[in-house]
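Chain and residue survey
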Amino acid sequence: MSFLYGVPIIGAVALATGTVLEKTILKVKNINVKQYQTLGFLAIIITMLPFVWFLWRIESQALTLGNLGILGAVVIFSIVANLFTFYSMKWEKVSNLEPAKILEPLFVIVLAIIFSFVLDSSLYERNLNILVPAIIAGLALVFSHIKKHHLNFNKYFIFAIFGSFFFALELVISRLILDFYSPISFYFIRCLSIFVISLIAFRPNLKGVSTKIKWQILIAGAIWVVYRVMIYYGYLHLGIAFTTLTIMLGPVFIYLFAWKFLREKIEMRNIIVAAIIVASILYALIT
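Quick caveat, the model's predicted, so the values are computed rather than measured.

This part is about empty space enclosed by the protein. Across all of its chains, the model carries two cavities of 30 Å³ or more by this definition. There is about 510 Å³ of room inside the largest cavity. Forming the boundary of the largest cavity are 36 residues, of which Leu15, Glu104, Phe167, Trp224 and Tyr227 lie nearest the centre. Sort the elements by how many residues they give to the lining of the largest cavity and helix H9 (residues 211–237) lands first, with eight residues. A class-by-class count of the residues in the lining of the largest cavity yields 21 nonpolar, nine polar and six charged. Considered as a void within the structure, the second largest cavity measures approximately 40 Å³ in volume. If you go around the second largest cavity, the residues you meet are Ile109, Ala112, Ile113, Glu125, Asn127, Ile240 and Ala241. At the level of secondary structure, the elements contributing two or more residues to the lining of the second largest cavity comprise helix H5 (103–118) and helix H10 (240–247). Broken down by class, the residue content of the lining of the second largest cavity amounts to five nonpolar, one polar and one charged.

Laid out in structure tokens, this is it:
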């Protein structure tokens, strides 16, 4: 059981690493968002192919009309979330976007609470010991972006907020059908669908992307596979609330990695917010 509690932490490290590498790729001038989205999901599919052979599982319930509809909604929300996120990361610093990106786990917890009353309460927790510190952490992140008595919300920051919301919505509704798949098969189907739709809709010119960038995208794809599989595994065995709160360690790692590898300055408010996140997680774990 001790290994299970380490699963979300692995996911948090993968989240931080993938975010920094993604920003490194997106800031290159000769690659645009449509190219990155298409190549990124192709990289994820390629990375998962060896594992799909051994870990493929889809139960018959997954093929009912209602559950296929939920899967379709997951794919649509994922496409929207990725586009908002990639556009924001293309033109804004990771450390400046992180207060918006960290809203994703807060959105997940709040949506899970709402869904627990509307849908199946056995799939979504109503634990106030997790909800309250998550709200405190989320509010701290919002207030950390206040400068000179006004909210410094540029359009890229707003894009990042929308990206966080749609990622959260996608994750929460995924829980409705996750039991019918193995984590690797669910993520494979999700990403394959996004890749096909992106390829048809965007028809990106992939010839201008250098071999070096393609290799970086492949590495990023492998990292995102680790992150999402850890998330799904945590949802199934530890619950949404515990997994989500632990994943909030990801932004703490992102601040450190952005400072170390992207040479981005860590401001005092980022340090304070990181401390609040850690304190909130510790409080939730010991109560």
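Even without being glycine, arginine 203 reaches a positive phi, approximately 45°. Here arginine 203 shows up in the loop between helix H8 (183–202) and H9. According to the relative accessible area criterion, arginine 203 is exposed, its value standing at 71%.

Applying the stated rule across the entire model yields four salt bridges. Its salt-bridge partner being glutamate 59, residue arginine 57 comes within 2.7 Å of it at the nearest N-O pair. With a relative accessible area of 30%, glutamate 59 lands in the partly exposed category. With a closest N to O distance of 3.1 Å, aspartate 179 and arginine 175 form a salt bridge.

Quick look at the environment of isoleucine 281 now. Mapped onto the secondary structure, isoleucine 281 falls in helix H12 (residues 268–286). Here isoleucine 281 falls in the buried class, since its relative accessible area comes to 5%. Residues isoleucine 281 and alanine 134, spaced 147 residues apart in sequence, show a C-alpha to C-alpha distance of 8.0 Å. When near neighbours in sequence (up to four residues on either side) are disregarded, isoleucine 281 contacts Leu245, Thr246, Met248 and Leu249.

Another point: H5. With 16 residues, H5 extends 22 Å from end C-alpha to end C-alpha; this agrees with the ideal 22 Å at 1.5 Å per step. Along H5, the residues that are buried comprise Leu103, Glu104, Pro105, Leu106, Val108, Ile109, Leu111, Ala112, Ile113, Phe115 and Ser116.

In this section: a nonpolar patch on the surface. The grouping of Val110, Ile114, Phe117, Val118, Leu119, Ile135 and Leu139 at the surface amounts to a nonpolar patch, some 630 Å² of accessible area in total. Going through the elements one at a time, H5 and helix H6 (128–143) are the ones with two or more residues in the nonpolar patch. Here the element with the most residues in the nonpolar patch is H5; it accounts for four residues. Following the sequence through the fold, valine 118 ends up in helix H5. With a relative accessible area of 61%, valine 118 lands in the exposed category.

With that settled, the discussion passes to the confidence of the model for the protein. With 89% of its residues at a pLDDT of 70 or more, the protein shows a mean pLDDT of 82. Mean pLDDT values over the elements of the protein span from 46, in strand S2 (residues 150–151), up to 93, in H8.

Thresholds applied
- Residues numbered from 1 in each chain as written.
- Predicted model: local features only at pLDDT ≥ 70, side-chain atom pairs only at ≥ 80, totals over all residues.
- Heavy atoms only, no water.
- 1 Å grid on protein atoms, 1.4 Å probe; cavity = no way out; pocket = protein on both sides within 12 Å on 5 of 7 lines; lining within 4 Å.
- Points joined across faces, edges and corners; volume = space filled by probe spheres on them.
- Helix = DSSP H or I, 4+ residues; strand = E, 2+ residues; numbered from the N terminus.
- Nonpolar A, V, L, I, M, F, W, Y, C, P; charged D, E, K, R; others polar.
- Buried < 20%, exposed > 50% of the residue type's maximum accessible area, 1.4 Å probe, protein only.
- Salt bridge = Lys/Arg side-chain N within 4 Å of Asp/Glu carboxyl O.
- Contact = heavy atoms within 4.5 Å.
- Expected span 1.5 Å × (residues − 1).
- Patch = residues over 30% accessible without salt bridge, like charges linked within 9 Å, V, L, I, M, F, W, Y side chains within 5 Å.
- Areas by Shrake-Rupley, 256 points an atom, 1.4 Å probe, with all protein chains shown as cover.
- pLDDT = per-residue confidence, 0-100.

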